[in-house]
Amino acid sequence: RVRLRSPPKSGRYQILMAYSAHETRATNIPVTVSSGSHRKDIVVDQTVPLPRNKHFRPIGAVDLTANAETVIEISNRDTTGFVILDALQLIAIDP
């Protein structure tokens, strides 16, 4: 579980994950992003390789609220295979 300071402004953000893909990685990793009244559940398959020449793979878009706690929870509950996380990245999506 990661708790973040609130984003500088409310809006839609792309969430990207860095990991090393492999056939022994989990195919059903639950990721939950909560920010203010917004909540989004995402399922990640880490057998999927990262895009060519990239260090991160987009896993979804989320709504974040300024001046509200943002929590990203990545779990290994009920997964099949190993769960690996090197980094997360949040990038504002232009309106």
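Residues numbered from 1 in each chain as written. Predicted model: local features only at pLDDT ≥ 70, side-chain atom pairs only at ≥ 80, totals over all residues. Heavy atoms only, no water.

### Side note on the side chain of Thr32
Argument step 1. With respect to the element layout, Thr32 can be found in strand β3 (residues 29-35).
Argument step 2. For Thr32, a relative accessible area of 17% gives the class buried.
Argument step 3. A distance of 2.9 Å separates the side chain of Thr32 from the side chain of Asp41, its partner in a polar contact.
Argument step 4. Among residues more than four places away in sequence, those in contact with Thr32 are Arg39, Lys40, Asp41, Val71, Ile72 and Glu73. (Helix = DSSP H or I, 4+ residues; strand = E, 2+ residues; numbered from the N terminus. Buried < 20%, exposed > 50% of the residue type's maximum accessible area, 1.4 Å probe, protein only. Polar contact = N/O pair within 3.5 Å; in protein donor to acceptor, adjacent residues only side chain to side chain. Contact = heavy atoms within 4.5 Å.)

### Quick word on the sheet that holds strand β4 (residues 38-44)
Argument step 1. Spatially, the four strands line up as an open sheet ordered β1-β6-β3-β4, and their pairing is antiparallel. Either end of the sheet is taken by a strand with one partner, and the two such strands are β1 (2-4) and β4. Strand after strand, the sheet turns through a mean of 15° between neighbouring axes, direction not considered.
Argument step 2. Across five bridges, β3 lies against strand β6 (residues 70-74) in antiparallel orientation. Each residue of the ladder has a partner; that of Val31, found in β6, is Ile74. (Pairing = 2+ DSSP bridges. Axes fitted to C-alpha atoms, helices over the stretch in contact; angles between N-to-C directions.)

### Things to note about the confidence of the model for the chain
Argument step 1. Of all residues in the chain, 98% have pLDDT values of 70 or greater, and the mean over the chain is 93.
Argument step 2. Model confidence for the chain, summarised as mean pLDDT per element, is weakest for β1 at 72 and strongest for β4 at 97. (pLDDT = per-residue confidence, 0-100.)

### Let's talk about the pattern of salt bridges
Argument step 1. Per the stated rule, a full pass over the model turns up two salt bridges.
Argument step 2. Of the charged contacts in the structure, one is a salt bridge between Arg12 and Asp63, with a shortest N-O distance of 3.1 Å. Separated by 51 residues along the polypeptide, Arg12 in strand β2 (residues 11-18) and Asp63 in strand β5 (residues 57-64) bring together distant segments of the chain.
Argument step 3. Residue classification places Arg12 among the partly exposed positions, given a relative accessible area of 37%.
Argument step 4. For Arg39, the salt bridge identified is with Asp41, shortest N-O distance 3.4 Å. In this structure, Arg39 and Asp41 share a single accessibility class: exposed. (Salt bridge = Lys/Arg side-chain N within 4 Å of Asp/Glu carboxyl O.)

### Some words on the pairing of β2
Argument step 1. Pairing analysis gives seven bridges linking β2 to β5, with the strands arranged antiparallel. Along β5, the bridge assignment pairs Gly11 with Leu64.
Argument step 2. Of the strand pairs in this sheet, β2 and strand β7 (residues 87-92) are connected by six bridges, and their pairing is antiparallel. For Tyr13, the partnering residue across the bridge sits in β7 and is Ala92.

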